[in-house]
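Summary of structural features
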Amino acid sequence: MHDSTGVEENFVPVDLLATPNYLSSKKHSININRNRILVILILIPLIVTVLGLITGLLVPRRKLHEISSSECFEAACPESWIGFQRKCFYFSDDIKNWTFSQRFCDSYGADLVQIETLLELNFLLRYKGPYDHWIGLSRDLGQPWKWVNGTEWPNCFPIRGGGECAYLNDKGASSARHYTERKWICSKPDIYAQMKRQTLSDLQSHRKRQKT
Ligand SMILES: *[C@@H]1O[C@H](CO)[C@@H](O)[C@H](O)[C@H]1NC(C)=O
Ligand SMILES: *[C@@H]1O[C@H](CO)[C@@H](O)[C@H](O)[C@H]1NC(C)=O
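Structure report, in brief. (Residues numbered from 1 in each chain as written. Chains lettered and ligands numbered in written order. Predicted model: local features only at pLDDT ≥ 70, side-chain atom pairs only at ≥ 80, totals over all residues.)

The next subject is the overall build of the protein. Scanning the protein from N- to C-terminus turns up five helices and nine strands. Each helix and strand of the protein, placed in order from N terminus to C terminus, yields the pattern α-α-β-β-α-β-α-β-β-β-β-β-β-α. When burial is assessed residue by residue, the protein has 16% of its 212 residues classed as buried. In the protein, 59% of the contacts between residues at least 6 apart in sequence involve partners at least 24 apart. (Helix = DSSP H or I, 4+ residues; strand = E, 2+ residues; numbered from the N terminus. Buried ≥ 20, exposed ≤ 12 C-beta atoms within 10 Å, placed from the backbone. Contact = placed C-beta atoms within 7 Å.)

Within a regular beta strand, the side chains point alternately toward one face of the sheet and then the other, so they alternate between its two faces. Note that strand β1 (residues 82-84) and strand β2 (residues 87-91) share three bridges and pair antiparallel. If you follow Gly83 over to β2, its bridge partner there is Cys88. Where β1 folds back on β2, the antiparallel hairpin that results is connected by two residues, among which Gln85 adopts a positive phi of roughly 50°. Pairing between β2 and strand β9 (residues 183-189): five bridges, direction antiparallel. Residue pairing for β9: Cys88 is matched across the bridge by Lys188. (Pairing = 2+ DSSP bridges.)

Next up on the list: the site of ligand 2. Lys96, Asn97, Thr99, Phe100 and Tyr179 make up every residue found near ligand 2. A breakdown of the residues in the shell around ligand 2 according to their chemical character gives two nonpolar, two polar and one charged. (Near = placed C-beta within 6 Å. Nonpolar A, V, L, I, M, F, W, Y, C, P; charged D, E, K, R; others polar.)

This brings us to the pairing of strand β4 (residues 133-138). Along β4, six of the six residues are buried, which leaves the element largely enclosed by surrounding structure. Burial along β4 is two-sided: His133, Ile135 and Leu137 and Trp134, Gly136 and Ser138, pointing in opposite directions, are all buried. Here β4 runs beside β9; their pairing, made up of two bridges, is parallel. Directly across from Trp134, in β9, lies its bridge partner Trp184.

Below, the discussion takes up helix α5 (residues 191-211). With 21 residues, α5 ought to run about 30 Å at 1.5 Å a step, and its terminal C-alpha atoms sit 30 Å apart, in line with that. Little of α5 is tucked away: zero of the 21 residues are buried. (Expected span 1.5 Å × (residues − 1).)

Attention now moves to the nonpolar core. The biggest cluster of nonpolar side chains holds 21 residues, and the ones touching the most others in it are Leu112 and Ile135. Residue assignment for this core shows that the elements contributing at least two residues are β2, α3 (98-106), β4, β7 (165-168), β8 (173-176) and β9. Residues contacting Leu112, with those up to four places away along its chain left out, are Ser101, Gln102, Cys105, Trp134, Ile135, Gly136, Val148, Trp184, Ile185 and Cys186. (Core = buried A, V, L, I, M, F, W, Y, C linked by C-beta atoms within 7 Å.)

The immediate surroundings of ligand 1 are formed by Gln114, Glu116, Trp147, Asn149 and Thr151. Among the residues making up the shell around ligand 1, the classes are represented as one nonpolar, three polar and one charged.

Below, the discussion takes up the environment of Ile191. Locating Ile191 in the fold gives a position in helix α5. A residue is classified by how many C-beta atoms lie within 10 Å of it, and Ile191, with 17 of them, is partly exposed.

Encoded structure:
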């Protein structure tokens, strides 16, 4: 009697050879192994491609989303306007009278510049160069200075001269008759300040509606 451990690997028991299915079942198992390898060879590149496609689709989209939600790349001011402290400023190349200058600013949803802080005044004086520029202050002769919106101006800095319209020169502010021609500066809130205003006014009208 043979010990089962002594059996050679290639030894095929005669009675198994006699069973007609033995060899074909061995062939079958070789086929299964070959199929597995084929499946793996096809599946791995397929999975890699699909993963690549998914990440390829997702990653740039996420990056674009990050960029578009970042303040760095969004223009807060229109082209050829200059942003400073949540406002946009336009310095003209043309010279025109005060009336025309204000009308020009108005057509861009702006006004002749309304200087609200010392920082802003210093920015304007530095940026305007050596030229005179109209600003958004005017008066009826003998009356106090008023902003373009009609609010009285609190005399934050001296305005020289006896004219009814104010402008910035290289020393500070002065005044002249409205029909004389100068460069001008327009200003308006930048888009973030506009959005904030919009939200505030939406909130206010919402509260009013709730009260009534
Ligand atoms: C008019 O403009 C000035 C300067 O921008 C501002 O301080 C003031 O609140 C404005 N007044 C009204 C009634 O909008
Ligand atoms: C102001 O300038 C405009 C355009 O140049 C002109 O049509 C208008 O008559 C001028 N107004 C005054 C008061 O000079």
